[in-house]
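Each chain, written out:
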Amino acid sequence: IARLNLSNPPYRNLKRSIDMNKPLIINLHKEDQSHGIAILKKGKVIHSFSTDAGISQIYSNKNKLYYRKEKYNESPSIHEFTTDHPTRLIYQSNYKLNEYDLGFSKNINYTSINGNVMNGVLLYPSQYDSTKTYPMVLNVYEKISKNVNDFVIPTLYSKDGFNILNYITKGYFVLLPDIEYEIGNPGYSALASVENAVKKAVEQSTIDQKRIGLIGFSFGGYESAFIASQSSLFKTAIAGSGVTDLISFYHDTSAMLLNDQMWRLENFQFRMGNSFYNLKDNYYKNSPIYHVENLKIPILLWTGKHDTNVNANQSSYLFMAMKRLGKEGELLLFDDEQHSLNKKQNKVFLSN
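For clarity, every value in this text was computed on a predicted model and none was experimentally measured.

Student: Even after reading the chapter, I still don't get helix H8 (residues 344-351), so can you show me in this structure?
Tutor: Turn by turn, an α-helix covers 3.6 residues, leaving residues three or four places apart pointing in a common direction. Three or more residues of H8 are buried, namely Asn 346, Lys 347, Leu 350 and Ser 351. All buried residues of H8 project into a common sector of 130° when viewed along the axis, lining one side. More than 90 degrees from the buried face of H8, the exposed residues found are Lys 344, Gln 345 and Phe 349. On the buried face of H8, the contacting elements are strand S16 (299-304) and strand S17 (329-334).

What follows is the structure, encoded as structure tokens:
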């Protein structure tokens, strides 16, 4: 990543204004994850269109516009657009996938810990039959509904063991919820959004409420572990490379970032808002390990032994607490792996 300092030559006199007399192309991105393109001229919209898929890599050439379109169930394609003619398909990747039923999606709305309306996306299984019930897996990591517009081929080579189309084609619902946070309460914030999202999804579809699984990796691993210790909505949970003890993590260092971990808890993803020494109760309350007595479902924990981002001991701590209390679960420690998995055999093993 190159950092551009506009205060230094030769960038000091760089003009950053937009000439509104020339056509302006705007990539539209709505909260429901639908995308579109609008063309403005002299401040007025001369043409616009929208789609329920993601649009990116917009390129203009004279009076023609080209863009890339994709969705979790639509392999990337290149399209040509002019204001005088309908959109024309230029190239379709993995065109054979069009012959398969890769499910469909619906948006859901629910409330966060702050009472605000949040967006989530519920992905339906292939060959969906509304007279039948299906299991569901929920993937968690901050605001994740945007992933509905990312096409990833069905594969067992995922770095975190999760692949949307693997579940869709095997008869699962997949839920991608957005999470909003209350400062000082990352765990309970995730719990509120996720539980409300699950309840709304169950209301709108034929999900088997006794077969709902939770999966998260990295910060999502932390969220998955915490939610598993609090919620009764899940049959099982997977927590990969996650923090389980905020107090020990607060006093740890990151070999990858060459820094302490305190800033990540006070101001970054964990959003605690202050130091451990000023908010001790909140640090304890939002740590999965200090709720292990409440754990009623089996958890699969996994991490790379040489994780330089989140110390592998974070997974070991929770597993040892579970073992001491006779809680059901399993810990996978991958040799020669760091935060996410790189070796093909490990990716396949974890995915399976």
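Student: Is there a simple way to think about the sheet that holds strand S3 (residues 44-51) in this case?
Tutor: Backbone-to-backbone hydrogen bonds join strands into a sheet, with any given pair of strands oriented parallel or antiparallel. The strand order across the open sheet built from 3 strands is S1-S2-S3, with neighbouring strands paired in antiparallel fashion. A single partner strand is all that each edge strand has here, and the edge strands are strand S1 (24-29) and S3. Between one strand axis and the next, the sheet turns through 20° on average, direction left out of account. The pairing of strand S2 (residues 35-41) with S3 spans 7 bridges and is antiparallel. Counted as the bridge partner of Leu 40 is Val 45 from S3.

Student: When you look at the pattern of salt bridges in this model, what are you seeing that I'm missing?
Tutor: When the charged atoms of two side chains lie near each other, side chains of opposite charge can form a pair. Going through the model one piece at a time under the given rule, you end up with 10 salt bridges. Across the salt bridge formed by Glu 142 and Arg 271, the nearest N and O atoms sit 3.2 Å from each other. Here the residue Glu 142 occupies a position in the loop between strand S10 (134-140) and helix H1 (164-168), and Arg 271 occupies one in the loop between helix H5 (262-266) and helix H6 (280-285), the gap between them amounting to 129 residues. Relative accessible area serves as the criterion here: at 22%, Arg 271 is assigned to the partly exposed category. Ionic pairing is found between Asp 336 and Lys 343, a salt bridge with its closest N-O pair at 3.6 Å.

Student: Mind showing me how you'd approach the nonpolar core here?
Tutor: In summary, soluble globular proteins display a tendency toward joint burial of nonpolar side chains. Residues Leu 122, Leu 175, Val 198, Phe 234 and Phe 270 are the most contacted members of the largest nonpolar core, which totals 52 residues. Among the elements that take part in this core, helix H2 (residues 186-204) stands out by supplying 7 residues, more than any other. Counting 16 residues, the second-largest nonpolar core is a separate cluster that includes Leu 102, Val 148, Leu 165 and Leu 176.

Student: What is the right way to read the packing of aromatic side chains from this model?
Tutor: Two measures describe an aromatic ring pair: the distance that separates the ring centres and the angle between the ring planes. What the rule picks out here adds up to 31 aromatic pairs. With a centroid separation of 4.9 Å and an interplanar angle of 65°, the aromatic rings of Tyr 124 and Phe 173 are classed as edge-to-face. Note that Tyr 124 is positioned in the loop between strand S9 (117-123) and S10 and Phe 173 in strand S11 (residues 173-177), a separation of 49 residues in sequence. Judged by its relative accessible area of 2%, Tyr 124 is buried. A residue is classified by how much of its surface remains accessible, and Phe 173, at 0% relative accessible area, is buried. When the ring of Tyr 128 is compared with that of Tyr 134, the centres are 5.4 Å apart and the planes differ by 40°; the resulting orientation is tilted. On the accessibility criterion, Tyr 134 (10% relative accessible area) is buried. Three or more aromatic residues link up through ring pairs in this structure, and these residues are Tyr 141, Tyr 181, Tyr 188, Phe 219, Tyr 222, Phe 226, Phe 249 and Phe 270. Directly above the ring of Tyr 181 sits Arg 271, whose terminal nitrogen or CZ lies 4.0 Å from the centroid. A cation sits over an aromatic face here: Lys 344 above Tyr 157, 5.4 Å from the ring centre.

Student: Looking at this structure, how should I read the sheet that holds S11?
Tutor: Spatially, S8-S9-S11-S10-S12-S13-S16-S17 is the arrangement adopted by the 8 strands of the open sheet, whose pairing is mixed. Two strands close off the open sheet at either side, each with one partner strand: strand S8 (105-111) and S17. On average, each strand axis in the sheet is inclined to that of its neighbour by 20°, with strand direction left out of account. As paired elements, strand S12 (residues 207-217) and strand S13 (residues 236-240) share 5 bridges and run parallel to each other. Across the sheet, residue Gly 216 finds its bridge partner in S13, namely Ala 239. Strands in contact with helix H3 (residues 219-228) are S10, S12, S13 and S16; relative to S12, the strand with the most contacts, it is inclined by about 140°.

Basis of the calculations
Residues numbered from 1 in each chain as written. Predicted model: local features only at pLDDT ≥ 70, side-chain atom pairs only at ≥ 80, totals over all residues. Heavy atoms only, no water. Buried < 20%, exposed > 50% of the residue type's maximum accessible area, 1.4 Å probe, protein only. Helix = DSSP H or I, 4+ residues; strand = E, 2+ residues; numbered from the N terminus. Arc of directions from axis to C-beta. Contact = heavy atoms within 4.5 Å. Pairing = 2+ DSSP bridges. Axes fitted to C-alpha atoms, helices over the stretch in contact; angles between N-to-C directions. Salt bridge = Lys/Arg side-chain N within 4 Å of Asp/Glu carboxyl O. Core = buried A, V, L, I, M, F, W, Y, C linked by side-chain atoms within 4.5 Å. Phe/Tyr/Trp six-rings, centres within 6.5 Å; stacked < 30°, edge-to-face > 60°. Lys NZ or Arg CZ within 6 Å of the ring centre and 35° of its normal.

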